There are 2 protein chains.
Amino acid sequence: MGRLLNYLATGLFCCHAVYDGAVTDVTSTGTATTPTKRGRGEKSSATIYDIAKLAGVNPSTVSRALSKPGRVSAKTQKIIEDAAAELNYQVNPFARALPTGRTQTIGLIVADITNPTFFDIIRGAETTGSARDYTLVLAESAESPETEVTAARRLLSTVDGLILASPRMDDDHIRALAADKPVAVINREIQGVPCVVPDVNKGISEAVRSLAANGHEKLAYVAGPKQSWMTARRWDGVKAAAEWSKLSAVRLESSKPTVDGGRQVARDVLDSGATAVITYNDLLAIGLMQELQAGGMRVPDQISIVGFDDIFGADFTTPALTTVRSPLGECGTRAVTILLDMLQGQDAPGEAVRVETELVVRGSSGRLLV
Amino acid sequence: MGRLLNYLATGLFCCHAVYDGAVTDVTSTGTATTPTKRGRGEKSSATIYDIAKLAGVNPSTVSRALSKPGRVSAKTQKIIEDAAAELNYQVNPFARALPTGRTQTIGLIVADITNPTFFDIIRGAETTGSARDYTLVLAESAESPETEVTAARRLLSTVDGLILASPRMDDDHIRALAADKPVAVINREIQGVPCVVPDVNKGISEAVRSLAANGHEKLAYVAGPKQSWMTARRWDGVKAAAEWSKLSAVRLESSKPTVDGGRQVARDVLDSGATAVITYNDLLAIGLMQELQAGGMRVPDQISIVGFDDIFGADFTTPALTTVRSPLGECGTRAVTILLDMLQGQDAPGEAVRVETELVVRGSSGRLLV
DNA sequence: TTGTAGGCGTTATCAG
DNA sequence: CTGATAACGCCTACAA
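These numbers come from a predicted model, not from an experiment.

K.L.:
Describe the overall build of chain A, with residues and values.
P.N.:
Assigned secondary structure in chain A consists of 14 helices and 12 strands. Counting every position in chain A, which comprises 370 residues, the buried fraction comes to 52%. Once local pairs closer than 6 in sequence are excluded, the contacts in chain A between residues at least 24 apart make up 67%. Surface summary for chain A: the accessible area is close to 15,900 Å², and the carbon and sulfur share equals 54%.

Right, here's the structure in full:
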């Protein structure tokens, strides 16, 4: 029954009119040597056949003129363009995609649309994509590896290339996708697949050094989701930098990488005795800070907090959040660029593209006032 | 030259292999009565022809079995499904879209991806869309009416329905789009087009009443972009509520509806002598609050600030922002629902769908301490 | 340079 | 219930 309604609904589409007409035509002409659809008063978009008729040339010539200018005499070119303009012709992307395989779209899959981390990536991708005339198709995996593969497979068949932001599925799945069509990965490094990865080391060592310089000796790292490739990288970075700066570092787990998760981990942070905390992301940092402040702690006098990413809103807090900024927007941009370059035949970059992270010092970190 | 590269790039696509083979086939068979593409070892997705061959039935039967189950005998149905599974068949959405007109996608155009207001809308739309098996296609208009029409036209030809969030183009353009395909508008009301609009009155009157109850007598409204339909509605609401509560209300202009714009308008706010401010959106409120606090004002003791929307991060500030919440996510959801219902043949709702706004009292508003 | 004639994968019509 | 077969709109060898 849903089906029926579904079917009737096509009445809303312009092309339905075509059908009605086409049927009549066929019964009368038999062999449709003249695929001419005559004017159904409506707006139902014009085809290259309409243009051809109006310009007095063959449809194929129209196709050539419109898709690869230069393969047609300047004169007919103009005639055709004028006709196209007059009918305000628009290519039918689907019809073009069929023989061509190209859709002028790129897909982006994010783990969680709710997470502001991805906002910048989305924006970066949309902006640089549409600058090169590509449309962005968005999907979310809801942090589930399974949903992610499904969504990826579905998308992959409709787009020219796919971007996976912080993917949760395993490496092999990703490689399988990449074997089909150009794929770029953000926030994770996978051999043989083009990746854009913030290089956490610079930012982290800046952060740890700054903390050490401010008299901190005991550091805690609040980790993110276990499946996250990044949470491990960041912890590695923190460990290494701490060692180098002769700080002790302890790793704490969070239930989820959100403001709420941050609140919940406050107890553990306190118990750990650390005077400085670096969190897996800004959300955790913000939640943690709120909870600690609510408990009477003074930030940064008694405890310093450093977040990660510099998401939208990180500077809304009081004190504003010190954080290791990942150029998320740039990641989106770079990923799209890589994809489009591959689409033009260029090789994928041999190894992961690294974008710099940097410490953004704001109010939530500073000297320890015993 | 870019063209050439472009062309070569198709080698990356699975379907290129089909071409190579097809060409060979044609030269040998002449009339392609057997459109059979034989196995090109690759993964290049299977077609209903492959299934048909494997199942020993006609392609058209496969099509029926797969698209509208029930029009085929239970037995063959199963055979076909098994075959499809074995070849892990996936429909080609483009091929399907061509005769059908349906693409299983809906488009969403936002004025500014940068603006967190839209994040919730995007999320709501993506979520409820994909729950009903629709994919979201995203585009931005960069606040420009022209870009918006262009993007809209381009999108419209590729999607089943279109959502316009806070559109900047004029009513007639929108009606024209709506005449072609189902269109839903968020944050603006247009006769004859399905709209989802937060009903500001409830939230605003709550806000103004609360302000009045706290001893405020002079109110300022910081307006948003001139082209924004909403900025006018909100000002209307504020004026009316103020009158009702016997407050004086003055309208101030902002340069842009951002944190920065909020900072810049601080001077005017001070000069106005108002002790309470309602801003067009949260961003303005946050910027304004930061600037006032930087200048030594105490919020809310000396001045109360009320934002609009309750965007992500509105509660990161100190004091947390009091704001009139618009259920943006719900707007996205509702818009998609309307669209999909229309796609199923239901009528568009006769008049604008109103979603409730409500005052969220947090720390930035309160009693005036002279 | 332009016209001719398939074919891309699906759906839909019309016989059987 | 199932098989042919013609569209859908566009692209591209190949021939003229």
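K.L.:
If you had to explain the sheet that holds strand S6 (residues 218-222) of chain A to someone new, which residues and values would you point to?
P.N.:
Residues and elements named next belong to chain A. Pairing within the open sheet is mixed, and its 6 strands lie in the order S7-S6-S8-S9-S10-S12. Both outer strands of the open sheet, strand S7 (248-252) and strand S12 (358-360), are each paired with one neighbouring strand and no more. For this sheet the average axis-to-axis angle between neighbouring strands, irrespective of direction, equals 25°.

K.L.:
How would you summarise the interface of chain B and chain A if you had to cite specific residues and measurements?
P.N.:
Opposite the 64 residues of chain B that make contact, chain A presents 64 residues. For the pair chain B and chain A, the summed buried surface comes to about 5,600 Å²; carbon and sulfur atoms form 62% of the total. Between chain B and chain A we count 2 salt bridges in total. Two residues, Asp133 of chain A and Arg154 of chain B, come together in a salt bridge whose shortest N-O distance is 3.9 Å. At the junction of chain B with chain A, the criterion picks out 9 residue pairs in polar contact (both at pLDDT 80 or more). No other element matches helix H6 (residues 93-100) of chain B, which puts 7 residues into the side of chain B that touches chain A. Strand direction decides the pairing type here: strand S2 (residues 135-140) of chain A and strand S2 (residues 135-140) of chain B, joined by 3 bridges, are antiparallel. Bridge pairing in S2 of chain B links Val137 of chain A to Val137 of chain B.

K.L.:
Run through the relation of the copies chain B and chain A, naming residues and quoting values.
P.N.:
Both copies of the chain are related by one operation, a rotation about an axis with a shift along it. Superposing chain B onto chain A takes a rotation of 180° plus a shift of 0.1 Å along the axis, which leaves an RMSD of 0.1 Å. Taken together, these values place the two copies in the relation of a two-fold axis. By residue overlap, the copies meet face to face through one surface: 100% of the interface positions of chain B are interface positions in chain A.

Reading the values: the criteria
Residues numbered from 1 in each chain as written. Chains lettered and ligands numbered in written order. Predicted model: local features only at pLDDT ≥ 70, side-chain atom pairs only at ≥ 80, totals over all residues. Heavy atoms only, no water. Helix = DSSP H or I, 4+ residues; strand = E, 2+ residues; numbered from the N terminus. Buried < 20%, exposed > 50% of the residue type's maximum accessible area, 1.4 Å probe, protein only. Contact = heavy atoms within 4.5 Å. Areas by Shrake-Rupley, 256 points an atom, 1.4 Å probe, with all protein chains shown as cover. Pairing = 2+ DSSP bridges. Axes fitted to C-alpha atoms, helices over the stretch in contact; angles between N-to-C directions. Buried area = accessible area lost by both parts, 1.4 Å probe. Salt bridge = Lys/Arg side-chain N within 4 Å of Asp/Glu carboxyl O. Polar contact = N/O pair within 3.5 Å; in protein donor to acceptor, adjacent residues only side chain to side chain. Least-squares fit on C-alpha atoms with pLDDT ≥ 70 in both.

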